[in-house]
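Structure at a glance
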Amino acid sequence: MKLTMRWFGPGYDPVTLDKIRQVPGLKGVITSLYGKQPGEEWKKEELSALKKQVEENGLVIAGIESVNVHDAIKTGSVGRDMYIEKYIETLKTISEAGINLVCYNFMAVFDWTRSDLAKIRPDGSTVMSYDHKIIEQLSADNMIDAMFKKANDFLLPGWEPERMARIKELFKMYHDIDEETLFANLEYFIKAIMPSCEKYGIKMAMHPDDPGWSVFGLPRIMKNKNDLLRLVKISDSPCNGITLCSGSLGTNPDNDIPDIIRNLKGRIHFAHIRNVKHNGSRSFEESAHLSDDGSLDMYEIVKALFDIGFDGPLRPDHGRCIWGEVSVPGYGLFDRAIGLSYLSGLLEAIKKN
């Protein structure tokens, strides 16, 4: 497993590469051209400049998260074939930069949803949390306003202001899209890009829905083991795989994550490993990575990845805000560094046993 950390790039992330490289065991970053809108082709010189900056700091780009999928593709509306061609051109550019992994999702409107970005925990740290009862009392506009008020003026991936300004238009686009229609559009997309993925050597790693249920009546199709197995059956190509996100799958306590890992052997290209604490039905908060701090058995999750021979990039995911750090919500340096060291320790113990 290759230990990495997400980095949002210059102008977006207050956590700098020279600090990231000091985390023990870390070899690379997961990043992207975060200013790009869905459907916009990436320029070689922009990606080359980003790669050069990372490598000058003694690291490598281990994967791209994300190349966002245009809504015309997700809804199967006019222009989807054009946007698929643009997507393929971007995959070619990524391949030419020597990068072979792309994490993406197929979530409608919102890439992820929380009811609070800074819930105060008993120890004084803050975490992102979700309570479906609170969400049900909000309109989408009110939720967006509440999110941005606690964003510390930083980027919220998937919640870009340009996108949120079109929220009413987006909901209208998805008005008649149910889960089966959304899945059919995903199947169309995967079958269209797989020949190019094989040609360029790009592994596509689907990220599960977050949380793992419908929010505001929007369809969600990557919620559990059955959904993920259905995804990999679309194409037998080894390029068609998933991002194993323990936090997203862990929002639903019915998901047996070690079992999911073992059933997807050979198709897990990337791993986000983090913990969540269940507070009731469709209510959870993010926690420290340590098993005892949340509801997930992190040892069993890492062991399952080891047992199936997973050797792709692994990164700690959303962490707590601790010691007064001001950062992109969930992406401060301090708690993610602690989390990565904890995961590294688990891995060392598993290997030696």
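Heads up: the structure comes first, above all this text.
Residues numbered from 1 in each chain as written. Predicted model: local features only at pLDDT ≥ 70, side-chain atom pairs only at ≥ 80, totals over all residues. Heavy atoms only, no water.

Our focus in this paragraph is the pairing of strand 2 (residues 28-31). Taking every second residue as pointing to the same face, both faces of strand 2 are buried, with Gly28 and Ile30 on one and Val29 and Thr31 on the other. Pairing of strand 1 (residues 2-6) with strand 2 involves 3 bridges; the strand directions are parallel. The residue of strand 2 that forms the bridge with Met5 is Val29. Bridge analysis of strand 2 against strand 3 (residues 60-65) gives 4 bridges, and the strand direction is parallel. The residue of strand 3 that forms the bridge with Val29 is Ile61. (Buried < 20%, exposed > 50% of the residue type's maximum accessible area, 1.4 Å probe, protein only. Helix = DSSP H or I, 4+ residues; strand = E, 2+ residues; numbered from the N terminus. Pairing = 2+ DSSP bridges.)

Our next topic: the pattern of salt bridges. Opposite charge on two side chains makes pairing possible when the charged atoms of those side chains draw close. As enumerated under the stated definition, the model contains 27 salt bridges in all. Across the pair Glu96 and Lys44 runs a salt bridge, and its minimum N-O distance is 3.1 Å. Here Lys44 lies in helix 2 (residues 44-56) and Glu96 lies in helix 4 (residues 80-96), a separation of 52 residues in the sequence. Among the residues examined, Glu96 registers a relative accessible area of 45% and is labelled partly exposed. (Salt bridge = Lys/Arg side-chain N within 4 Å of Asp/Glu carboxyl O.)

Let us look at empty space enclosed by the protein. One pass over the full model with this rule turns up 2 cavities of 30 Å³ or more. Empty space within the largest cavity amounts to approximately 500 Å³. Along the walls of the largest cavity sit 42 residues, with Arg6, Ser66, Asn68, Asp111 and Pro157 positioned nearest its centre. Elements with a contribution of two residues or more to the lining of the largest cavity: helix 4 and strand 4 (101-104). Here the element with the most residues in the lining of the largest cavity is helix 4; it accounts for 4 residues. Residues belonging to the lining of the largest cavity are distributed by class as follows: 18 nonpolar, 13 polar and 11 charged. Taken as a whole, the second largest cavity spans an internal volume of roughly 130 Å³. Surrounding the second largest cavity, 14 residues form its lining, Pro38, Asn68, Asp111, Glu160 and Arg163 being those nearest its centre. (1 Å grid on protein atoms, 1.4 Å probe; cavity = no way out; pocket = protein on both sides within 12 Å on 5 of 7 lines; lining within 4 Å. Points joined across faces, edges and corners; volume = space filled by probe spheres on them. Nonpolar A, V, L, I, M, F, W, Y, C, P; charged D, E, K, R; others polar.)

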